[in-house]
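Observations on the three-dimensional arrangement
Letter by letter, the chains look like this.
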Amino acid sequence: MTWLQFVSSVVKSAAWPLTVVAVVLILRRKLNDLLGKGLTRLKAGPVEAEWAILTEEARAGFEAESTSDPTEEQGESDETQEALRRLRDVASLSPALGVIGGFHLVEGAVRDLATPYLPPEAGYRRIRTIRDDLSVLVTRGILGASSGNAIEDMRQLRNIANHAKDFPGRTITQDEAFEYLDLVEDALRLLEGSQKIQERSKS
């Protein structure tokens, strides 16, 4: 094979990849406009992408369950508001710890709401999880499916915060922790409101 034939062969084999690269470079701005923030998330890495997606899904889930009915009893107790204030102080120093503590509050509120509806033997069969409690609450119509899914998203976010140290260069930022605590506030408002409604229905 002569040098001329070799160069011709290389050009032919590289023509398609080079064409693709050229098209991508030309349309880069348009692609970025189409994909929007999704492209930014992908650049940030899979952990950041998952955090952003789960946060948006959880927020949308709580918004779907929110009510404008003034007779609906929603709102956090003074004790809950104080706990949230303290958690925000914690999150300003250790964002991951703020996230973990926030979910602990939500988990306790879910458990308190679900306990009266669990069969007596439930605690002896196996370890009870928040998924068990959410399943009971959603099945009985005490919580909507959207809010149940939102709390499950929060559980996954807690897990990311708990294991962020396993991903080199990845830490939970203060902004992410504060955003998560806003979700905690939404969850507790909904759960405490549901608790009041259940208590009122029994009286």
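Below is a short write-up of the structure. (Residues numbered from 1 in each chain as written. Predicted model: local features only at pLDDT ≥ 70, side-chain atom pairs only at ≥ 80, totals over all residues. Heavy atoms only, no water.)

A short note on the overall build of the protein chain
Quick note on the threshold: Put simply, DSSP marks the helices as runs of H or I at least four residues long and the strands as runs of E at least two long, and each gets a number from the N terminus on. Partly exposed residues are those whose accessible area sits between 20% and 50% of the maximum for their type, while under 20% is buried and over 50% is exposed, using a 1.4 Å probe and protein chains only. Here, residues are in contact when the closest pair of their heavy atoms is within 4.5 Å. Per-residue and other accessible areas were derived by the Shrake-Rupley procedure at a 1.4 Å probe size, with only the shown protein chains allowed to occlude residues.
Of regular secondary structure, the protein chain possesses 10 helices and 0 strands. Buried residues in the protein chain amount to 33% of all 203 residues. A separation of at least 24 residues holds for 75% of the contacts in the protein chain among residues at least 6 apart in sequence. For the protein chain, the exposed surface amounts to about 12,900 Å²; the carbon and sulfur share of it is 58%.

Here's the deal with the packing of aromatic side chains
Rules: Here is the rule: rings of Phe, Tyr and Trp (six-membered ring for Trp) pair when centre to centre is within 6.5 Å. Planes less than 30 degrees apart are stacked, more than 60 are edge-to-face, and the remainder are tilted.
Scanning the model with the defined rule gives 1 aromatic pair in all. With 6.3 Å between their ring centres and 40° between their planes, Trp51 and Tyr180 make a pair best called tilted. Separated by 129 residues along the polypeptide, Trp51 in helix 4 (residues 46-65) and Tyr180 in helix 10 (residues 174-202) bring together distant segments of the chain. Per residue, the accessibility class of Trp51 equals that of Tyr180, and both read buried.

Considering the packing of helix 6 (residues 95-114) against helix 9 (residues 145-163)
Heads up, the condition is: In this analysis an axis means a line fitted to C-alpha atoms, helices contributing only their contacting stretch, and an angle means the value between N-to-C directions, from 0 to 180 degrees. Handedness of each helix crossing follows the sense of rotation of the near helix against the far helix: counterclockwise by less than a right angle gives left-handed, clockwise gives right-handed. All amino acids are sorted into three groups, where Ala, Val, Leu, Ile, Met, Phe, Trp, Tyr, Cys and Pro are nonpolar, Asp, Glu, Lys and Arg are charged, and the leftover types, Gly among them, are polar.
Helix 9 packs onto helix 6 with a crossing angle of 145° between their chain directions and a minimal axis gap of 9 Å. Between helix 6 and helix 9 the crossing geometry is left-handed. Taking contact as the criterion, the partners of Ala96, Val99, Ile100, Phe103, Val106, Glu107 and Val110 in helix 6 are, on helix 9, Ile151, Met154, Arg155, Leu157, Arg158, Ala161 and Asn162. Counted by class, the contact of helix 6 with helix 9 contains 10 nonpolar, 1 polar and 3 charged residues.

Regarding the environment of Pro95
Relative to the elements of secondary structure, Pro95 occurs in helix 6. According to the relative accessible area criterion, Pro95 is buried, its value standing at 17%. Note: C-alpha distance between Pro95 and Ile172 (77 residues apart in sequence) is 5.9 Å. Setting aside residues up to four positions removed in sequence, Pro95 forms contacts with Ile172, Thr173, Gln174 and Ala177.

Structural notes on the nonpolar core
The line we're drawing: For the purposes of this section, nonpolar cores are sets of buried Ala, Val, Leu, Ile, Met, Phe, Trp, Tyr and Cys residues that join through side-chain atoms within 4.5 Å.
With 39 residues, the main nonpolar core has Val106, Ile151 and Met154 as its most contacted residues. Elements supplying a minimum of two residues to this core: helix 4, helix 5 (78-93), helix 6, helix 8 (130-139), helix 9 and helix 10. For this core, the element with the most residues is helix 10, which contributes 9 residues. Every residue in contact with Ile151, bar those within four places of it in the chain, is listed here: Phe62, Phe103, Val106, Val110, Ile130, Leu134, Leu143 and Leu191.

Quick notes on the side chain of Glu176
Condition: Distance and chemistry together define a polar contact, namely a pair of N or O atoms within 3.5 Å, with one atom able to donate a hydrogen and the other to accept it when in protein, and with adjacent residues in sequence counting only for side-chain atoms on both sides.
Following the sequence through the fold, Glu176 ends up in helix 10. Note on Glu176: relative accessible area 14%, which makes it buried. At a separation of 3.0 Å, a polar atom in the side chain of Glu176 contacts the main-chain amide nitrogen of Thr173. Excluding anything up to four places from it in sequence, Glu176 contacts Trp51, Arg170 and Thr171.

By themselves, these observations are geometric and do not establish any function.
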